[in-house]
Amino acid sequence: MEGLFEGASLVAIMAGVLALAGGLLGARRARGRSTGQTSTPMHEVASDAPAAAPVAPDPEAEPEAEAEPAGVTGRLARTRNLLTSALAELVGAGLDDAAWERLEEGLIAADVGVQATTAVVADVRRLAREGGVRDVDGVRRLLRDALVAELSSGERALRRRDGDGPTVWFVTGVNGAGKTTTIGKLASREVAAGRHVVLAAADTFRAAAAEQLGIWAERTGAELVRGEEGADPASVAYAGVDAALASGADLLIVDTAGRLQNRRELMDELGKVGRVLAKRAGGIDETLLVLDGTVGQNGIAQAEAFHDAVEISGVAITKLDGSSRGGVVVAVQRQLGIPVKLVGLGEGIEDLEDFDPVTYVDGLLED
Ligand code: GDP
Ligand code: MG
């Protein structure tokens, strides 16, 4: 399908523009951070499960990230220039059918999704016709409003418990999506805000997974609960709740495996971990799905499968720093009705932003 778009100048423009939104979000970040480093107690959970069998490589895991343009300022300048010429081309062509189609193709290539693209472009076309809007700024404003409207539903703040006991965030997603990294970034934020955080390594599939979470616990001053390789992940989640209760923690974040023998097995296991966790903790406040922002529409299929298993309440989209397919933010929201709550903009501890539709869309379209 991509071949269709070759040579359509708006494709590169819109794709670039969406990718560069991450740069804008990053540029606006001004977050002071004091890492209240504390000791990192560890709790071991005994393995009561046989070692897992080896698995075939997961075709969905770890897609190649595209090259990232250097420097936030440079990225913004490029966005502005690219978009100015895109809209100029649309208007210069007299808003003819072919120019609108190229705009559609560009949005689709950026993984906004066919549904959202069709709706957005139809709206903008109709409003431009009705309002007699034929200038670049006017069309830009209509496009901005239509994209913001696409993204405006849903509560975006991560849910917290207001009653007794720790807030519980349950983090899911395929292998390589960025779950553990996102948890590390969240822990850093939360500890800096003065909260006592427990991380539970319920990805017991590989010992390295718990070790990776342990490194984040040490860096951030969070408490770590882990099990041996092959331990029952539900037992680790359970122990995580106990540790959080014992230490009077404010927040428990549970990491999970993203790869098992097959999807059915992964989903069954996640469902079980979720049930055990909810029962022990008196509910789960946020079930986050972490999606790799470079996989585009494939992320929709992943999200549907996870949503069936554990009822996702929010999405974190990672790797928008290296992606030309950041439009998937719009597609996820429209096709699944699940709000995007967080965006990952790099591998560093501070490279996580709360998703804000207006900032995002302005990043796409700002003059
Ligand atoms: P998990 O298997 O879902 O736990 O994924 P990991 O957290 O281990 O992340 C997989 C890879 O993606 C690691 O190399 C991370 O550093 C990288 N990664 C995660 N989030 C981001 C992001 O927002 N931007 C970039 N560029 N890389 C990321
Ligand atoms: Mg992981």
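Draft legend 1. Highlighting the overall build of the chain. The helix and strand tally for the chain stands at 12 helices and nine strands. Taken across its 367 residues, the chain has 47% of its residues classed as buried. Restricting the contact set of the chain to residue pairs at least 6 apart, pairs at least 24 apart contribute 80%.

Draft legend 2. Region of the structure containing the nonpolar core. Core analysis: the largest hydrophobic core is formed by 87 residues, its most contacted members being V198, L199, A200, A201, A237, L252 and I253. A per-element tally of this core places helix 8 (residues 233-246) first, with eight residues. The residues touching A200, leaving out its near neighbours within four places in the chain, are V225, V236, A237, G240, L252, V254 and D255.

Draft legend 3. Layout of the site of ligand 1. Every one of the 20 residues lining ligand 1 counts as a neighbour, but G178, K179, T180, T181 and G344 are closest to it. Looking at the shell around ligand 1 element by element, the count peaks at three residues for helix 6 (residues 179-192). Its residues assigned to classes, the shell around ligand 1 comprises four nonpolar, 11 polar and five charged.

Draft legend 4. Summary view of the environment of L127. Position of L127 among the secondary structure elements: in helix 4 (residues 114-131). The partly exposed category is assigned to L127, around which 17 C-beta atoms lie within 10 Å. For L127 and L142, which are 15 residues apart along the polypeptide, the C-alpha to C-alpha distance reads 7.4 Å.

Draft legend 5. Inspection of unusual backbone geometry at higher detail. Here E311, not a glycine, exhibits a phi torsion of approximately 55°, which is positive. Assignment of secondary structure puts E311 in the loop between helix 10 (298-310) and strand 7 (314-318). Even without being glycine, K319 reaches a positive phi, approximately 65°. Look at K319 and you get buried, because 28 C-beta atoms sit within 10 Å.

Draft legend 6. Spotlight on helix 11 (residues 328-336). All of the buried residues along helix 11 are V328, V329, V330, A331, V332 and Q333. One or two positions beyond helix 11, positive phi appears at G337, with a value near 65°.

The rules we used
- Residues numbered from 1 in each chain as written.
- Chains lettered and ligands numbered in written order.
- Predicted model: local features only at pLDDT ≥ 70, side-chain atom pairs only at ≥ 80, totals over all residues.
- Helix = DSSP H or I, 4+ residues; strand = E, 2+ residues; numbered from the N terminus.
- Buried ≥ 20, exposed ≤ 12 C-beta atoms within 10 Å, placed from the backbone.
- Contact = placed C-beta atoms within 7 Å.
- Core = buried A, V, L, I, M, F, W, Y, C linked by C-beta atoms within 7 Å.
- Near = placed C-beta within 6 Å.
- Nonpolar A, V, L, I, M, F, W, Y, C, P; charged D, E, K, R; others polar.

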